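Given next are the chains, with one letter for each unit.
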Amino acid sequence: MAAPQPFKAHPDIERVLLDESQIKARVQELAREISRDYAGRCLTLVGILKGSVVFLGELMRQLSVDCTVDFMCLSSYEGGGSTGVVRVLLDLRENAEGRDILVVEDIVDTGLTLHYLLDNLRTRGPRSLEVCALLDKPDCRKTQVKAKYVGFRIPNQFVVGYGLDYNEKYRNLPYVAVLKAGAIGGK
Ligand code: IMP
C-alpha cells in the first residue's frame, strides 16, 4: 500500500479555515441534533442549489429520521451590492403544505436570500420551517434572519470549498478555505 501523502491544499488557497475532519465531526453533531428534534416525523430537506449540495449529501447520510429531499435554486441580482431582489430559478417539485421543511444552505451572509426564501416558503403553509446552514457570517447581516442549526460561525471573509464557489470553481475542495488574493479576479 502507498504511504499516505502529506496534506497539500489547492495552489489557489491562502489558508484552510475548516478541515475535512472538523467539518465531518460537526455535520455528525448537527445530524444528531436534527434527528432528535424531528424524531417520529418525516423531514423535507430543501437544498439550495448549488452551494448546499456537498453539505446536504453528508448531512442526509447521517440523519436517522425519515426524510425526503427537494431543491430550489435562487439568483440574487447584485448591481453594486446585494439588493435582496431574488428570483426563483428552480422551484420545489413537491407541495410544501403541511410538511416539516428544513432549508439546507451553504452559508448565510447578508441574509437577504434566506429572508426572501423563508417569506416565500411560509406562504405555502408548511407545518414547520427551519434553516440549517453550514456556515454563518453574523457580522455581514443586512436583515434579521436566523438559522436554527449552524455548523460554524466564521468571520467576514470570502470562503470556498465544500460546495462553495468562486466563479463556479472550488466547490469540490473537501475543506473550507480562503483564496489567495491573486486567485480573485481571474477565471
Ligand atoms: P446572502 O443573501 O448575502 O446571505 O448570500 C447567500 C449566498 O451568497 C450563499 O448561499 C452563497 O451562495 C453566497 N455567498 C455568500 N458568502 C459567500 C462566501 O464567502 N463564499 C461563497 N459564496 C458565498
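In what follows, the accompanying structure is described. Just so it is clear, the structure is predicted and the values come from calculations on it, not from any experiment.

### Quick word on the overall build of the protein
Point 1. Scanning the protein from terminus to terminus reveals 3 helices and 9 strands.
Point 2. When the helices and strands of the protein are listed from N to C terminus, the series reads β-α-β-α-β-β-β-α-β-β-β-β.
Point 3. Dimensions of the protein along its principal axes, counting C-alpha atoms only, are 50 × 50 × 30 Å.
Point 4. Within the span of the protein, comprising 187 residues, buried residues form 46% of the whole.
Point 5. Accessible surface, the protein as shown: approximately 10100 Å² in total, 49% of it carbon and sulfur.
Point 6. Counting 25 positive and 24 negative side-chain charges, the protein places the centres of these two groups 2 Å from one another.

### Considerations on the site of the ligand
Point 1. For the ligand, the set of nearby residues contains 15 residues, the closest of which are Asp106, Thr110, Gly111, Thr113 and Val159.
Point 2. Measuring from an oxygen atom of the ligand, one finds a side-chain N or O atom of Glu105 at 3.3 Å.
Point 3. Starting from 490 Å² of accessible surface for the ligand in isolation, the protein chains cover 83%.
Point 4. Contributions of two or more residues to the shell around the ligand are made by strand S5 (100-108) and helix H3 (112-122).
Point 5. Tallying contributions element by element places S5 first for the shell around the ligand, with 4 residues.

### A few points about the sheet that holds strand S8 (residues 159-160)
Point 1. A sheet is described by the order of its strands in space; here 3 strands give the open sequence S1-S9-S8, paired in antiparallel fashion. What marks the edges here is a single partner per strand, and that holds for strand S1 (13-18) and S8.
Point 2. Both S1 and strand S9 (residues 176-179) contribute to a ladder of 4 bridges, which runs antiparallel. When the sheet's bridge partners are listed, Ile13 is paired in S9 with Leu179.

About the cut-offs
- Residues numbered from 1 in each chain as written.
- Predicted model: local features only at pLDDT ≥ 70, side-chain atom pairs only at ≥ 80, totals over all residues.
- Heavy atoms only, no water.
- Helix = DSSP H or I, 4+ residues; strand = E, 2+ residues; numbered from the N terminus.
- Buried < 20%, exposed > 50% of the residue type's maximum accessible area, 1.4 Å probe, protein only.
- Areas by Shrake-Rupley, 256 points an atom, 1.4 Å probe, with all protein chains shown as cover.
- Lys, Arg positive; Asp, Glu negative; His and termini not counted.
- Charge placed at Lys NZ, Arg CZ, Asp CG, Glu CD.
- Near = heavy atom within 4 Å.
- Polar contact = N/O pair within 3.5 Å; in protein donor to acceptor, adjacent residues only side chain to side chain.
- Pairing = 2+ DSSP bridges.

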